[in-house]
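Letter by letter, the chains look like this.
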Amino acid sequence: MAESLSVEALQYLFRQAGLDLPPERVQELAPSVVEFLDRLKRLDELDLKDVAPAFISPLMWK
Amino acid sequence: MARVDTVALTVAEAARLVRSRKLSPVELVEASLRRVEALDRRLRAFITVLGDQAMAEARKAEAEIGAGNYKGPLHGIPISLKDLFYTRGVLTTAGTGAFDDFVPNYDATVTAKLKEAGAIVIGKNNLHELAVGGTGENPFFGNGQNPWKEGYVPGGSSSGSAIAVATGMGLASMGSDTGGSIRIPASFSGVVGHKPTYGLVSRYGVFALSWTLDHVGPLTKTVEDAAIVLTAVAGYDARDSGSAQVRRRNYVRSLRGDVKGLRLGIPLDPFFEVLDKEVRQAVSQAVRVMRGMGCTTRRVSLPTAAYSQEIGLAISWAETASIYESELRARFHRFSRAVQDQILVGLSMPSSVYVKAQMARAVAQREFHRALEQVDLIVMPTTAVPAFPIGSKQVQLGGESVEARFLPARLTRPSNQTGYPALSVPCGFTREGLPVGLQIIGRPFEDGLVLRLGHAYQQATEWHKRNQQL
């Protein structure tokens, strides 16, 4: 999986956030990004068809 | 007069003594500070101790009470605050080197309310760095130690709050909870922790981690004490966008009702069955006690809770990255490597994954809503395992080796995602002498009912009266 996430792509993302990180730092981080995104793929097991996101609902209680 | 013993003393008991002038706030604060002096080098509960300031406040409270101006049950009571609550003129670090020089120029709403109620802040509590973990390990201010077994984690992120309350370094503390950070240390360290309904207590002036998951609430020795503190801090605050406009209540009065006939839901999906054996035994026994109190039990199904880790990580890491993006730019090397990595990973996450997690959260909320139509409250363990050794990378659970960093929040995350009130109450000890916590979850804004069952359980049991040998 790691080959699908290039250091250059990550560096570009971080530059968008104003963070100019050295390539070796990004290289070290890349496996953590891949692991995290792979972990979240588990959410695809859920049937979320026609489900509206919940993130506003707690705020609507006021 | 004999020296005051703050280890066994509750807020409610101390308040009765202070009100009747049998105990002075000066003696109480002195006794709490003596405990800090004796224990904190080992246990690491505090980042800042406000000795002189607290003594001055104690003398002021003593004079006020002596003059007949008693403010209520927190007047003259020594408390502490997790070091992410703003305190005007006092260092507030959020447990990270990135803010180790930050001195706010105003009080958090909760800080101000506690001071108005007459509480005396004796210090600021240690925490997992930036509140982003459940163990209480901290590379800048020292690893919090479990008060029942040194070398074991106290639970986090409100680690210092739980240690302080458990050991009499103050009688109550305020913590924050994004995935379990009040209830986990309460469970691991043998105290009461209450995560109120989302919106019930203001988060204004509290370092944020995740706007849609963050809650703040009390850690205390008893549920009665939690009700006293909640009564003081609850209420609408226009400066917190998530604050709810609900009627103010006296939560101590909520404790008085009957629990006979309450219907308790026990989640029995496979996810909830994966438990440490001794945790299962202690919680099963607690449920038997509740049946003996006249409660009835039935199974409820919450299948999406099995995805609560992924939901919680996606939401909280994305929101944390958004909140701290500019701070990471400004102070990159002052955060630990672990926090740098978490924020960077959060910045790398596609927005579609964040929205997907919020959709899954909606499904989980619906399941809790349906379950709480069939029952009045849900009961389950607070944590699947008791405290484990500091530095553990993996912990055994259900015959498998699981990541220690995510394990403590396994059973607490769902209530952050629903926003429903959840309480952790001590319900036993393992053979090694480590506490076990029982979690009680209720409908939104029925915090009073949650506290009532927890209080009734404490009246029927003695677990909260056990003290450590330190």
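The shown structure was predicted, so the numbers you read here are calculated from the model rather than taken from an experiment. (Residues numbered from 1 in each chain as written. Chains lettered and ligands numbered in written order. Predicted model: local features only at pLDDT ≥ 70, side-chain atom pairs only at ≥ 80, totals over all residues. Heavy atoms only, no water.)

1. Quick look at the overall build of chain A
- A count of helical and extended segments in chain A gives two helices and zero strands.
- For chain A, buried positions account for 35% of its 62 residues.
- Counting only carbon and sulfur atoms, one obtains 56% of the accessible surface of chain A, whose full area is about 3900 Å². (Helix = DSSP H or I, 4+ residues; strand = E, 2+ residues; numbered from the N terminus. Buried < 20%, exposed > 50% of the residue type's maximum accessible area, 1.4 Å probe, protein only. Areas by Shrake-Rupley, 256 points an atom, 1.4 Å probe, with all protein chains shown as cover.)

2. Re the packing of helix H1 (residues 11–19) of chain B against helix H7 (residues 223–233) of chain B
All names here are of chain B.
- The N-to-C vectors of H1 and H7 enclose an angle of 70°; their axes lie 8 Å apart at closest approach. On the basis of the axis angle, H1 is roughly perpendicular to H7. Across from Val11, Ala12 and Arg16 in H1, the residues of H7 making contact are Glu224, Asp225 and Ile228.
- Residues belonging to the contact of H1 with H7 are distributed by class as follows: three nonpolar, no polar and three charged. (Axes fitted to C-alpha atoms, helices over the stretch in contact; angles between N-to-C directions. Parallel < 35°, antiparallel > 145°, perpendicular 65-115°, else oblique. Contact = heavy atoms within 4.5 Å. Nonpolar A, V, L, I, M, F, W, Y, C, P; charged D, E, K, R; others polar.)

3. A short note on the interface of chain B and chain A
- Facing 50 residues of chain B, the contacting portion of chain A comprises 33 residues.
- A buried area of about 3600 Å², summed over both sides, lies between chain B and chain A, and 70% of it is on carbon and sulfur atoms.
- Scanning the region where chain B abuts chain A turns up five salt bridges.
- Arginine 42 of chain A serves as the salt-bridge partner of glutamate 310 of chain B, at 3.1 Å between the closest nitrogen and oxygen.
- The interface formed by chain B and chain A contains ten residue pairs in polar contact (both at pLDDT 80 or more).
- Sorting the residues of the side of chain B that touches chain A by element identifies helix H11 (308–331), helix H12 (337–348) and helix H13 (351–374) of chain B as the ones contributing at least two each.
- Partitioning the side of chain B that touches chain A into residue classes produces 26 nonpolar, 14 polar and ten charged. (Buried area = accessible area lost by both parts, 1.4 Å probe. Salt bridge = Lys/Arg side-chain N within 4 Å of Asp/Glu carboxyl O. Polar contact = N/O pair within 3.5 Å; in protein donor to acceptor, adjacent residues only side chain to side chain.)

4. Re unusual backbone geometry
Residues and elements named next belong to chain B.
- For the bond running from glycine 156 to serine 157, omega is 15°, close enough to zero to count as cis.
- Position of serine 157 among the secondary structure elements: in the loop between strand E3 (120–125) and helix H5 (159–167).
- Of note in this structure, alanine 94 is not a glycine but carries a positive phi near 55°.
- A relative accessible area of 0% means that alanine 94 is categorised as buried.
- With a phi close to 65°, alanine 131 is a non-glycine residue in the positive phi region.
- Take alanine 131: it is sitting in the loop between E3 and H5.

5. Structural notes on empty space enclosed by the protein
All names here are of chain B.
- According to the stated counting rule, one finds four cavities of 30 Å³ or more in the structure shown.
- By volume, the largest cavity is sized at about 90 Å³.
- As for the largest cavity, its lining consists of Val7, Trp148, Ala166, Ser189, Gly190, Val191, Lys221, His464, Arg466, Asn467 and Gln468.
- Of the residues assigned to the lining of the largest cavity, the class counts are four nonpolar, five polar and two charged.
- The calculated volume of the second largest cavity comes to roughly 40 Å³.
- As for the second largest cavity, its lining consists of Leu200, Leu230, Thr231, Ala234, Gly235, Val246, Arg247, Arg248, Arg249 and Tyr251. (1 Å grid on protein atoms, 1.4 Å probe; cavity = no way out; pocket = protein on both sides within 12 Å on 5 of 7 lines; lining within 4 Å. Points joined across faces, edges and corners; volume = space filled by probe spheres on them.)

6. Focus on the packing of aromatic side chains
Residues and elements named next belong to chain B.
- Counted under the stated rule, the structure contains 14 aromatic pairs over all chains.
- Taking 5.6 Å as the distance between ring centres and 65° as the angle between the ring planes, the aromatic pair formed by tyrosine 86 and phenylalanine 207 counts as edge-to-face. One end of the pair, tyrosine 86, is in the loop between strand E2 (78–82) and helix H4 (109–116); the other, phenylalanine 207, is in the loop between strand E5 (192–195) and strand E6 (215–220), with 121 residues separating them in the sequence.
- Ring plane angle 55° and centroid distance 6.3 Å describe the contact between phenylalanine 99 and tyrosine 324, whose orientation is recorded as tilted. One end of the pair, phenylalanine 99, is in the loop between E2 and H4; the other, tyrosine 324, is in helix H11, with 225 residues separating them in the sequence.
- With a relative accessible area of 4%, phenylalanine 99 lands in the buried category.
- With relative accessibility at 3%, the residue tyrosine 324 sits in the buried group. (Phe/Tyr/Trp six-rings, centres within 6.5 Å; stacked < 30°, edge-to-face > 60°.)

7. Some words on the state of the cysteines
- For the coordinates displayed, the defined rule picks out zero disulfides over all chains.
- The thiol of cysteine 295 of chain B is not disulfide-bonded; the next cysteine sulfur, from cysteine 427 of chain B, is found 15 Å away. (Disulfide = S-S within 2.5 Å.)

8. Some points on the nonpolar core
Residue and element names in this part refer to chain B.
- One finds Leu114, Met290, Ile440 and Leu453 to be the most contacted residues of the largest nonpolar core, which totals 125 residues.
- Here the element with the most residues in this core is H11; it accounts for ten residues.
- Ignoring anything within four residues of it in the chain, the contact list for leucine 453 reads Val259, Leu262, Leu264, Met290, Met293, Cys295, Leu377, Val379 and Ile440.
- Formed by 30 residues, the second largest nonpolar core is a distinct cluster that contains Leu302, Ala305, Val385 and Tyr420. (Core = buried A, V, L, I, M, F, W, Y, C linked by side-chain atoms within 4.5 Å.)

9. Brief notes about the environment of lysine 115 of chain B
Residues and elements named next belong to chain B.
- In this fold, lysine 115 is placed in helix H4.
- On a C-alpha basis, the gap between lysine 115 and alanine 232 in space is 9.7 Å, while along the polypeptide they are 117 residues apart.
- If we skip the residues at most four places from it in the chain, lysine 115 touches Lys71 and Asp107.

10. Quick look at the pattern of salt bridges
- For the structure shown, the criterion picks out 29 salt bridges over all chains.
- Between aspartate 83 of chain B and lysine 124 of chain B there is a salt bridge, with its nearest N and O atoms 2.9 Å apart. Placement of the pair is aspartate 83 of chain B in the loop between E2 and H4 and lysine 124 of chain B in strand E3, with a sequence separation of 41 residues.
- Residue aspartate 83 of chain B is classed as buried on the basis of its relative accessible area of 0%.
- Taking the relative accessible area as the measure of exposure, lysine 124 of chain B reaches 0% and is therefore buried.
- Among the ionic pairs, arginine 405 of chain B bridges to glutamate 403 of chain B, the shortest N-O distance being 3.0 Å.
- Among the ionic contacts, a cluster of salt bridges with common partners joins Arg25 and Glu28 of chain A together with Arg337 and Asp341 of chain B.

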